[in-house]
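Each chain, letter by letter, is given below.
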Amino acid sequence: MDSSVIVVGAGPSGLMLAGELRLAGADVIVLERLPGRTGQSRGLGFSARTMEVFDQRGLLPRFGEIVTSPQGHFGGVPVDFSLLDGAHYGVKGIAQSTVEAVLEEWATGLGADIRRGHEVLSVTDTGGTVTAEVRRNGTVERLRAAYLVGCDGGRSTVRRSAGFDFPGTAPTRELFLADIRGCDIRPRPIGETVPGGMVMSSRLTGDTDRIVIAERDAPARRRTSPPAYAEVAAAWLRLTGQDISHAEPVWVSAFGDPCRLVAQYRRGRVLLAGDAAHVHLPAGGQGMNVSIQDAVNLGWKLGAVVRGTGTRQLLDSYHGERHPVGARLLMNVQAQGRIFLGGDEMRPVRELLTELVRHDVVSRHLAGMVSGLDIRYDAGPGDHPLLGMRMPTTPVVTAGGRTTTAELLHPARGVLLDLADDAGLRRTAAPWADRVRVVTCRLAAPEKPGAPAGASAVLVRPDGHVAWVAPGSEQAPDTALERWFGAPSPARRHPAAKETDR
């Protein structure tokens, strides 16, 4: 084989997956049709959960100065995200192009083989391997791998070639997005309706503004190239009465409001992640974030399978965990789209939602949904509030000094926090020492919101979700360890040894 895994697409999900696979010990080739990064950025920032994911891999310092905000919205109605314990809406002002540059540098530094100018034409799953037919400089070649993951966007060749069902609805309208320079435009918040549609504008940097235009009677179109700036300026003039035709377009794009979710995230040896698995209106800036989180959920599982320690059931859990997340994403995006794209007929709904979000319980629910902080996976029976949830960044003190749970997850291995200095627990976990790091420690701030106060031990998966807690889980620790990390192997260290390093 040419590689253990082939990833198709070098966007945020493909690059994140490539890095995760390398941390898991799998060799990976990334095939990208375009010869270089476009530099375009539909997304401007990332969510609180994605910020935690980057922190868990030590990536946050690579983004430079980070500005966060407690304010978000749902369908244009302001929502206070600070109601979530210790959380915030996320990071502001970091372009998607910067995210891609950081992830590419990280993945290549880990040894990922990223090949640009390689267009995948078809994918064939033979049962034992996957073959990708690839065109490069006019020449067609074939590459073979144990698994292939399509991260190649909403018009995914992998999805179509591998025969994935993609049910849902086609776009019903076209919207424009453009960054323009040298024009005086007043700020317009998301959801500001005008006769004939909705417009939005915000200042990015210097004299550059971002505008979004949703003209109510603009039909959906399948374009093969971006619209001319003259189309965008004409639509802005019709809706606002302002002539912006003299502005300099930095880049221009058109998009629609499709709503589709694949029936399966895995078919045999072919898997999908990101926009290849779900397409939707970009409401609330969730698309890139959910795509990155798809990759983080899949990477350690597929890496374990390739390495021989993971089971088919572990790989199946990727669909089991992420398909419901995709379905909930589409539900909330459709709701938001109706709210901020609707006309006068939606005014009562907007007014009612504005009233409802004044209640903390409503704001907390919507903030958790849009941020991704409320995702809970099935981690077996138990009543601890953290079971199946993501582990908040929590400071702990080991014999080697102070650290955080996010720092302990940098190598993308499982982490078992031994909070009670339990030699018996360490003996139980010893056969998984090559996959799970046991850290004897204490909570540095047990009163911190989200900290596992009262717990004697917490097992955290490589993606940061809690797989087992004592007390609180009804299954034994070795059962949880085998479910998530495979069969035990002979212990490689003293059975009751403590880890004293950081």
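Residues numbered from 1 in each chain as written. Predicted model: local features only at pLDDT ≥ 70, side-chain atom pairs only at ≥ 80, totals over all residues. Heavy atoms only, no water.

### Overview of the overall build of the protein
Keep this limit in mind: By definition, any uninterrupted DSSP run of H or I lasting at least four residues is a helix, any uninterrupted run of E lasting at least two residues is a strand, and each is numbered from the N terminus. Put simply, the radius of gyration uses C-alpha atoms, and a globule should come to 2.2 Å times the residue count raised to 0.38. Residue burial is assigned from relative accessible area. The probe radius is 1.4 Å, only protein chains are included, and a residue is buried under 20% of its type maximum, exposed over 50%, and partly exposed in between. Every residue pair with non-hydrogen atoms within 4.5 Å of one another is taken to be in contact. Surface exposure here means Shrake-Rupley accessible area, sampled with a 1.4 Å probe, where a residue is shielded only by the protein chains that are shown.
Within the protein one finds 12 helices and 27 strands. Rg of the C-alpha trace for the protein: 24 Å, near the compact-globule value of 23 Å for 502 residues, within the 12% margin. For the protein, the C-alpha atoms occupy an extent of roughly 75 × 60 × 40 Å along the three principal directions. Of all 502 residues assigned to the protein, the portion counted as buried reaches 56%. The contacts of the protein with a sequence gap of at least 6 include a subset with a gap of at least 24, amounting to 70%. If you sum the accessible surface of the protein, you get close to 20,500 Å²; carbon and sulfur atoms cover 50% of it.

### Let's talk about the pairing of strand S27 (residues 466–470)
What counts is decided by this rule: Should DSSP find at least two bridges between two strands, the strands are regarded as paired.
Along S27, 5 of the 5 residues are buried, which leaves the element largely enclosed by surrounding structure. Two successive antiparallel strands, strand S26 (residues 457–460) and S27, enclose a turn made up of 5 residues, where Gly464 displays a positive phi of approximately 90°.

### Focus on the packing of helix H6 (residues 287–307) against helix H7 (residues 312–341)
Stated precisely, the cut-off is as follows: The axes are straight lines fitted to the C-alpha atoms, using for helices just the contacting stretch, and the angles between their N-to-C directions are given from 0 to 180°. Roughly parallel means an angle under 35 degrees; roughly antiparallel, over 145; roughly perpendicular, 65 to 115; everything else is oblique.
Between H6 and H7, whose axes approach to 9 Å, the crossing angle comes to 170°. Taken together, H6 and H7 sit at an angle that is classed as roughly antiparallel. Of the residues in H7, those touching H6 at Val290, Gln293, Asp294, Asn297, Leu298, Trp300, Lys301, Leu302, Ala304 and Val305 are Leu314, Leu315, Ser317, Tyr318, Glu321, Arg322, Val325 and Leu329.

### Digging into the sheet that holds strand S13 (residues 174–181)
In space, the 5 strands of this open sheet follow the order S14-S15-S16-S13-S17, with antiparallel pairing throughout. The sheet is open, and its two borders are formed by strand S14 (193–194) and strand S17 (248–256), each paired with just one other strand. Bridging between S13 and S17 involves 8 bridges; their strand directions are antiparallel. Following the sheet pairing, Arg181 is matched in S17 by Glu248.

### A look at the side chain of Thr131
With respect to the element layout, Thr131 can be found in strand S10 (residues 130–136). For Thr131, a relative accessible area of 19% corresponds to the buried category. Beyond its immediate sequence surroundings of up to four residues, Thr131 is in contact with Ser122, Val123, Thr124, Arg142, Leu143 and Arg144.

### Considering helix H3 (residues 96–109)
Quick note on the threshold: For a helix, the expected span equals 1.5 Å multiplied by the residue count minus one.
Taking 1.5 Å of rise per residue, 14 residues should cover 20 Å, and H3 covers 20 Å from first to last C-alpha, within 8% of that figure. Against helix H1 (12–23), strand S3 (44–47), helix H2 (48–56), strand S7 (90–95), strand S8 (113–116) and H6 lie the buried residues of H3. One or two steps after H3, the chain reaches Gly111, where phi turns positive at roughly 110°.

### So, the pattern of salt bridges
Put simply, the test is: Take a side-chain nitrogen of Lys or Arg and a carboxyl oxygen of Asp or Glu: if they are within 4 Å of each other, that pair is a salt bridge.
With the rule as written, the count across this model stands at 28 salt bridges. With a closest N to O distance of 2.9 Å, Arg203 and Asp209 form a salt bridge. With a shortest N-O distance of 3.6 Å, Arg221 and Glu231 are connected by a salt bridge. In this pair, Arg221 sits in the loop between strand S16 (208–215) and helix H5 (229–240) while Glu231 sits in helix H5, placing the two residues 10 residues apart along the sequence. Residue Glu231 is classed as partly exposed on the basis of its relative accessible area of 28%.

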